[in-house]
Structure formats: structure tokens, C-alpha cells
Amino acid sequence: MIRLEHVTVEFENRTILDDVSCQVIQGETKVMLGPSGAGKSSLLKIILGLWKPNRGSVFVDGTEITDLSERDKMPIRKRMSMVFQGNALFDSLTVAENVGFFLQEHSEMTPREIKERVKECLEFVNLQDTQDLLPEEISGGMKKRVAIARAIAFHPEIILYDEPTTGLDPLNAKIITELIMRLKKERGITSVVVTHILRDAFAVGDSLALMNDGRIIIDGSPHDLVSSTDQFIESFLSEIREEANLLLQ
Ligand SMILES: Nc1ncnc2c1ncn2[C@@H]1O[C@H](COP(=O)(O)OP(=O)(O)OP(=O)(O)O)[C@@H](O)[C@H]1O
Ligand SMILES: [Mg+2]
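Model, not experiment: these values are computed from the prediction.

A.B. asks: Kindly report on the site of ligand 1, identifying the contributing residues and their values.
C.D. replies: Inspection of the region around ligand 1 gives 14 residues, with Ser-36, Gly-37, Lys-40, Ser-41 and Ser-42 positioned closest. Measuring from an oxygen atom of ligand 1, one finds a backbone N or O atom of Gly-39 at 3.0 Å. Measuring from an oxygen atom of ligand 1, one finds a side-chain N or O atom of Gln-85 at 3.1 Å. Protein chains shield 67% of the accessible area of ligand 1, which is 640 Å² for the free molecule. Looking at the shell around ligand 1, the elements that each hand over two or more residues are strand E2 (14–24) and helix H1 (40–48). Take the shell around ligand 1: its biggest share by element is three residues, from H1. Along the lines of polarity and charge, the residues of the shell around ligand 1 split into five nonpolar, six polar and three charged.

This is the structure in C-alpha cells:
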């Protein structure tokens, strides 16, 4: 369970997150929607503990992480993984080396155990045949799957996905949203998925929060979002309103 209480983040007199309160229940997939610059990626950095809010509190599984030292945050951070907006793969390492990188750096596992774990993670994302290739030799959709394989290598309880389907064609986007759903269903993973692609948001989200200008405008079920009469929400949804209604039937 992740809980944010009145989180405010300011940079040089600009308010990036403005009194944000929300929670992500154990095992649920929470989608953060909103236009560019709304504060979605900033919210993930707060949850990961990479940024400290100017005001407010952040709790992960009941532990307040807001004022913890880097060292004290480590055990909590180890339970979380992030799939970054730009994948953040190492260009000079093979697919398998990328997936095993953090296990090598931050675990007590033997090379043989790491090899086994990497194999298992690559099989989960259906990329077992690409382990010796470099990131530049695989497609954008495959890179995203490698990033997911790396994110699950530590067996996290929480995964934060930043724009996991942006820039992908609909077929590859569907492969990614299905992986997100399988991780929830088969492993009980709690996830936060940041996106501005409404179709993917409705596909994976148990609950959806819409952000604008550093604030949460609405936070509720897909049905709450679609039935809102707020003008900003209406205009944000207008593009797929009919589709969203169909999805909810
Ligand atoms: N390190 C930083 N220093 C100062 N301002 C920042 C920093 N990081 C982000 N911002 C500002 O915070 C605001 C929110 O940024 P954020 O990256 O969270 O938006 P976003 O919703 O993820 O947008 P996008 O959809 O484009 O990824 C933006 O106005 C951005 O310029
Ligand atoms: Mg972003």
C-alpha cells in the first residue's frame, strides 16, 4: 500500500506537486493520467523516495519514508521497481546483462543463480531468444519488455511504470498492457502506471487519477471518471468517450 498525504513539491518558486493526496491499495493497479507537465513522473519520483517533498508525507506499506536517510530507505526501495520513461537500458550491455545488472550489483546471488533468474525473467516477457543482442539491435517494443524483465528481476512487490506504452504501435502496446495485467494477476504486484494514453489506462487501471498542473483533479473508478461532468475531465476524455463507455459496459 502506498499513501501520499498532502504532498507538495516546489522547485525555484514553482509548484510541481500541489497538495497531492492519494493511495494505492495492495495488489491494485493505479493509473495516473494527465497532460504533459502535469506532474506524473514527479509523483513517481516521490513514491520511489528519489525526491523529498517540501511538505506532506509518503508512506509505503505503513512506513513513513518522507524523512528517512538514503540508507534507511534501501530496504523499502528494494521492494519497488521502476520502468523508466526512456527504458534506461545500458547501450553497451546485452539484453541478458541488462536484466541481470542490478542483481550483480546489489544481491548476494551467485553468477549461476543470476543466469537462471535472468532466463526466467526473459521467458516471462517472451524474449528468451534475444539475450545476446544489444539494445540497438531490438525494436522499441522489445526494449520496453527488457526494461520490464529487469524490473521484475528482484521480485518486487510494487512496480512503477512511467509511460510504458508511449511511442509503441497498438499491437506492441497491447503486449505491454497484458504483461502489466499478468504481473498483477499472477504475482499480486501493486502498480502505478503513468500514461496519457486513455485506451491503455482503461485497459489496466483498477482506479484512475487525473492530474493537471500538479494537482489531482479526480481519483476514482473508471466509471467515476467517465461519468464526471467536470469540464477539464470531459475535454480530456472526449477523444475516447464512446470507447471508454463501451469498455465499461
Ligand atoms: N528536476 C526538476 N527541476 C525543476 N522542474 C522540474 C524538474 N523535473 C520536473 N520539473 C517540472 O515539473 C513539472 C512536472 O513535470 P513532470 O515530469 O512530473 O510531468 P509529466 O506529467 O511526467 O509530463 P510528461 O507527460 O511530459 O512526461 C514540469 O513543469 C517540469 O518542467
Ligand atoms: Mg513524465
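A.B. asks: Tell me about the sheet that holds E2, residues and numbers included.
C.D. replies: Spatial strand order, E2-E1-E4-E5: four strands in an open sheet with antiparallel pairing. One side of each edge strand has no neighbouring strand; the edge strands of this open sheet are E2 and strand E5 (63–64). One ladder, built from seven bridges, connects strand E1 (residues 2–11) with E2; its direction is antiparallel. Residue pairing across strands places Val-9 opposite Leu-17, the latter belonging to E2.

A.B. asks: Describe the sheet that holds strand E10 (residues 215–220), and please don't skip the residues or the numbers.
C.D. replies: If you walk across this open sheet you meet the six strands as E6-E7-E8-E3-E9-E10, and the pairing is mixed. Each of the sheet's edge strands pairs with one partner strand only, and the pair in question is strand E6 (80–83) and E10. Ignoring strand direction, the axes of neighbouring strands in this sheet form an average angle of 15°. Note that strand E3 (residues 29–33) and strand E8 (residues 190–194) share four bridges and pair parallel.

A.B. asks: Outline the side chain of Lys-73, listing residues and values.
C.D. replies: Here Lys-73 lies in helix H2 (residues 70–77). A relative accessible area of 8% means that Lys-73 is categorised as buried. Once you skip the residues sitting within four places of it in the chain, Lys-73 turns out to touch Gly-49, Ile-65 and Leu-68.

A.B. asks: Summarise the packing of aromatic side chains; cite the residues concerned and give the values.
C.D. replies: Aromatic ring pairs are defined here through the distance separating the ring centres and the angle between the ring planes. Overall, the coordinates contain five aromatic pairs when judged by the stated rule. Here the aromatic rings of Phe-11 and Trp-51 are separated by 5.0 Å at their centres, their planes lie at 80°, and the arrangement is edge-to-face. In this pair, Phe-11 is assigned in strand E1 and Trp-51 in the loop between H1 and strand E4 (55–60), connecting sequence segments 40 residues apart. Both rings, one in Phe-101 and one in Phe-102, keep their centres 5.2 Å apart while their planes meet at 90°; by these two values the pair is edge-to-face. A relative accessible area of 23% means that Phe-101 is categorised as partly exposed. Note on Phe-102: relative accessible area 32%, which makes it partly exposed. One Lys or Arg, Arg-3, reaches over the ring of Phe-59 and ends 4.4 Å from the middle of that ring.

What counts, and at which threshold
Per chain, residues are indexed from 1 in the order of the written sequence. Chain letters and ligand numbers both follow the written order, the letters beginning at A and the numbers at 1. Local features in this predicted model are restricted to residues of pLDDT 70 or higher, and side-chain atom pairs are both shown and tallied only at a pLDDT of 80 or more, whereas totals for entire chains, interfaces and linings draw on every residue. By convention in this description, side-chain values take in all heavy atoms of the structure and omit both hydrogens and water. One heavy atom within 4 Å of a molecule or strand makes the whole residue count as near it. Identification of polar contacts relies on pairs of N or O atoms within 3.5 Å, with a donor-acceptor requirement for protein atoms, meaning one able to donate a hydrogen and the other able to accept it, and with residues adjacent in sequence counted only if both atoms are side-chain atoms. Calculation of accessible area relied on Shrake-Rupley with a 1.4 Å probe; when residues are assessed, cover is drawn exclusively from the protein chains displayed. Only DSSP runs of H or I reaching four residues or more are called helices, and only runs of E reaching two or more are called strands; each is numbered from the N terminus. Polar here means any residue outside two lists: the nonpolar Ala, Val, Leu, Ile, Met, Phe, Trp, Tyr, Cys and Pro, and the charged Asp, Glu, Lys and Arg; Gly therefore counts as polar. Pairing between two strands requires that DSSP report at least two bridges joining them. Every axis in this analysis is a line fitted to C-alpha atoms, fitted for helices over the stretch in contact. Angles between the N-to-C directions lie between 0 and 180 degrees. Relative accessibility thresholds used throughout: buried, under 20% of the residue-type maximum; exposed, over 50%; partly exposed, between the two (1.4 Å probe, protein chains only). Residues count as neighbours in contact if any of their non-hydrogen atoms are within 4.5 Å of one another. The pairing test for Phe, Tyr and Trp rings, Trp by its six-membered ring, is centres within 6.5 Å, and the orientation test on the planes gives stacked under 30 degrees, edge-to-face over 60, and tilted for anything in between. Either the NZ atom of lysine or the CZ atom of arginine qualifies as a charge over a ring when it sits within 6 Å of the ring centre and within 35 degrees of the ring normal.

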